[in-house]
Amino acid sequence: MHKLIHVAVGAITDGSGNILLAKRPGHAHQGGLWEFPGGKVEPNETLLQALDRELFEELDIRVVSAEPVIEIIHDYGDKTVWLDVHWVTAFTGTPRGKEGQPLRWVPVNELPQYEFPAANYPIVNALTLPDKLLITGAFNSVDDFTGRLEAALQQGVKLVQLRAHEVNDTDYEQLAGLASERCNLYGARLVLNRHNAADFLNSIPAQGIHLSSAALEKAPVLPADIIVGASCHNQSQLQQAAKLGAHYATLSPVLPTKSHPDATPLRWNNFVHLAKKATLPVYALGGMNEEHLPPVKQKGGQGIAGISCWWGN
Ligand SMILES: Nc1nc2c([nH]c(=O)n2[C@H]2C[C@H](O)[C@@H](COP(=O)(O)OP(=O)(O)OP(=O)(O)O)O2)c(=O)[nH]1
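Rules used throughout
- Residues numbered from 1 in each chain as written.
- Predicted model: local features only at pLDDT ≥ 70, side-chain atom pairs only at ≥ 80, totals over all residues.
- Heavy atoms only, no water.
- Pairing = 2+ DSSP bridges.
- Helix = DSSP H or I, 4+ residues; strand = E, 2+ residues; numbered from the N terminus.
- Axes fitted to C-alpha atoms, helices over the stretch in contact; angles between N-to-C directions.
- Contact = heavy atoms within 4.5 Å.
- Phe/Tyr/Trp six-rings, centres within 6.5 Å; stacked < 30°, edge-to-face > 60°.
- Lys NZ or Arg CZ within 6 Å of the ring centre and 35° of its normal.

> In this structure, what is going on with the sheet that holds strand β6 (residues 80–92)? I would like to understand it.
Note on sheets: strands pair through backbone hydrogen bonds, and any given pair is parallel or antiparallel. The sheet built from 4 strands is open, its strands ordered β4-β1-β6-β5 with mixed pairing. Because the sheet does not close on itself, it has two edges, and the strands there are β4 (38–40) and β5 (62–75). This sheet shows a mean twist of 20 degrees between the axes of neighbouring strands, independent of strand direction. Pairing between strand β1 (residues 4–12) and β6: 9 bridges, direction parallel. When the sheet's bridge partners are listed, Ala 11 is paired in β6 with Trp 87. Strands β1, β4, β5 and β6 of the sheet are contacted by helix α1 (residues 47–59), whose axis makes an angle of about 65 degrees with β1.

> Which parts of the structure should I look at to understand the packing of aromatic side chains?
A ring pair, where both rings are aromatic, is described by two values, the distance of the centres and the angle of the planes. Tallied over the entire structure, the rule returns 8 aromatic pairs. Their ring planes at 70 degrees and their centres at 5.2 Å tell us that Phe 139 and Phe 145 sit as a pair that is edge-to-face. Ring geometry for Tyr 248 versus Tyr 283: centroids 5.5 Å apart, planes at 90 degrees, classification edge-to-face. One end of the pair, Tyr 248, is in strand β13 (residues 248–251); the other, Tyr 283, is in strand β14 (residues 282–285), and 35 residues separate them in sequence. Pairwise contacts between aromatic rings join Phe 36, Phe 116 and Tyr 121 into one cluster. Above the face of the Phe 56 ring, Lys 98 is positioned so that its terminal group lies 4.1 Å from the ring centre.

Scope: geometric values only; no functional claims are made or implied.
Structure below.
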């Protein structure tokens, strides 16, 4: 690997769901592609100092507040970049392309339509995925299932993984249909966790699939244009998920959890270490509750995933 080039990158938001993109000059590395504004961290500069300086030099704005999104290390062959990405949630000034670069405010959900340098695709996934991932748990009846799901959606869950290994395919399809309707109502996305999940996408308008760690290790060819998540428990599974092009991973168990009482928890320091090294967004799973969300995001995790925190007991 070449020497790492540390780059401060800003996902600048306007408070209305848009993110600012700039076009890289044609002659530059990765020229002609869209980028999130930023630039190299100088020696003796902190990341946030570099971000503020770069955005002032390029856009004439000053950073007021910034929160970590994700860190991506990518080897382009001719150089290796370490993109350290922060949401810029408040700034002073009005962005203008001081270097003549075209700028465009883009709704977050339209980011996947833009052509970026290869390192940016996991960043786009991190920016477009939410911070709470519900995994469905046990239920007594279909009404109980929909009631629990609705309660979770009312708590702001925007990504739901339908996991119901105890039911047969017919019942799974029924639950998936109901879950899809409810998720649509709340603007949430649904991913199906089932050995034959991709087959259900023919009949159920879900947005993606979620692979178990066993399915991940069989190195499946991932369908295009859907969200793909993967259950990971260690670094090699995270690497495999990223290599296959998964959009996100869950990493578990972070803390002791009722659903997997025999598993040895990773604990926070290992979660942080592995999530930082991963080149895809990582949700902390296992023993999570809403209080864990701010520290997880502060340390560069995508958010929290869980059953009991939103599904009830
Ligand atoms: N700013 C930015 N750089 C990115 C993104 N994606 C990506 O691969 N890169 C790469 C391209 C470059 O190799 C490196 C950033 O270098 P740069 O050329 O923008 O840095 P700089 O503003 O300090 O430029 P310079 O003074 O060296 O001309 O990171 C992105 O979204 N934003």
